[in-house]
Amino acid sequence: GESVGLHLPTLSVQEGDNSIINCAYSNSASDYFIWYKQESGKGPQFIIDIRSNMDKRQGQRVTVLLNKTVKHLSLQIAATQPGDSAVYFCAENIGGYSTLTFGKGTMLLVSP
Amino acid sequence: DGGITQSPKYLFRKEGQNVTLSCEQNLNHDAMYWYRQDPGQGLRLIYYSQIVNDFQKGDIAEGYSVSREKKESFPLTVTSAQKNPTAFYLCASSNPGTGPYEQYFGPGTRLTVT
């Protein structure tokens, strides 16, 4: 079937490398951010989130960095594995609203 | 197991027919959402509902309709007025009242209209 990743920016890495996926957001009023992972043909899965009062948050093998000055978000994946191959989306939320605004996504390809 | 179910996984329809996509959640979440995803695109919000018997249009509501008669269920109808209905449809839920606003997603329904 059609791939959700068609025409997306793609990052290709070798297994064991560290990966950095970037996201620019547009609304300076956004105060909560999420990274999602979407495997082919499946729904997005939560990876990690961060509030605007933080500039860094770490999870298991993942770190999210937030630079509010330039409205930039990044997801770092340590020791990337073939199972990390997927499309990664950032999403932003403006305080007081229940909706999220999603970026277009980046496809991560990990070769063994 | 708690989660969101969408059925069916694949759906085929002829042009001109209305079709309803199912979304059920047992997470006891107040809010539910429908998104459309096209290749190379992010998720675009169709409709959302923050409480039973209430819903709001998202960015691309034209050609779609929803109902929220029960907290657990938020079906989406793709009408014949939707010009390009073939897409991957995702349902999500959250508890925005307590924040943060993380949304949990179902597995999606791929709709093909010919």
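Preceding this section is the structure that the text describes.
Predicted, not measured: the structure shown is a model, and the values here were computed from it. (Residues numbered from 1 in each chain as written. Chains lettered and ligands numbered in written order. Predicted model: local features only at pLDDT ≥ 70, side-chain atom pairs only at ≥ 80, totals over all residues. Heavy atoms only, no water.)

Q: Help me get a handle on the layout of surface pockets, residues and values and all.
A: In this structure, the largest pocket spans a volume of roughly 210 Å³. Lining the largest pocket are 15 residues, and of these A:T99, A:L100, A:T101, A:F102 and B:D59 lie nearest its centre. Those elements that provide at least two residues to the lining of the largest pocket are β8 (86–94) and β9 (101–102) of chain A together with β5 (43–51) of chain B. Looking at the lining of the largest pocket residue by residue, the classes come out as 7 nonpolar, 5 polar and 3 charged. (1 Å grid on protein atoms, 1.4 Å probe; cavity = no way out; pocket = protein on both sides within 12 Å on 5 of 7 lines; lining within 4 Å. Points joined across faces, edges and corners; volume = space filled by probe spheres on them. Helix = DSSP H or I, 4+ residues; strand = E, 2+ residues; numbered from the N terminus. Nonpolar A, V, L, I, M, F, W, Y, C, P; charged D, E, K, R; others polar.)

Q: Can you break down the nonpolar core residue by residue, with the values?
A: Residues A:Y36, A:L100, A:F102, B:Y33, B:Y35, B:L43 and B:F105 are the most contacted members of the largest nonpolar core, which totals 21 residues. Counting only elements with at least two residues in this core, the list comes to β3 (30–38) and β8 of chain A together with β4 (31–37), β5 and β9 (87–94) of chain B. (Core = buried A, V, L, I, M, F, W, Y, C linked by side-chain atoms within 4.5 Å. Buried < 20%, exposed > 50% of the residue type's maximum accessible area, 1.4 Å probe, protein only.)

Q: I'd like to hear about the packing of aromatic side chains, residue by residue, with values.
A: Tallied over the full model, the rule gives 10 aromatic pairs over all chains. Consider the rings of A:Y36 and A:F102, whose centres lie 5.8 Å apart with planes at 40 degrees: the pair is tilted. Placement of A:Y36 in strand β3 and of A:F102 in strand β9 is noted, with a sequence separation of 66 residues between them. Pair check on accessibility: A:Y36 and A:F102 agree, each one buried. Consider the rings of A:Y36 and B:F105, whose centres lie 5.4 Å apart with planes at 90 degrees: the pair is edge-to-face. Note that A:Y36 is positioned in strand β3 and B:F105 in strand β10 (residues 104–105), a pairing that runs across two chains. Classification of A:Y36 by relative accessible area gives buried; the value is 0%. Joined through ring pairs, the aromatic side chains of A:Y36, A:F102, B:Y33, B:Y35, B:Y48 and B:F105 make up one cluster. Positioned above the aromatic ring of B:F74 is the side chain of B:R68, whose terminal nitrogen or guanidinium carbon lies 6.0 Å from the ring centre. (Phe/Tyr/Trp six-rings, centres within 6.5 Å; stacked < 30°, edge-to-face > 60°. Lys NZ or Arg CZ within 6 Å of the ring centre and 35° of its normal.)

Purely geometric stuff here, so don't read any function into it on its own.
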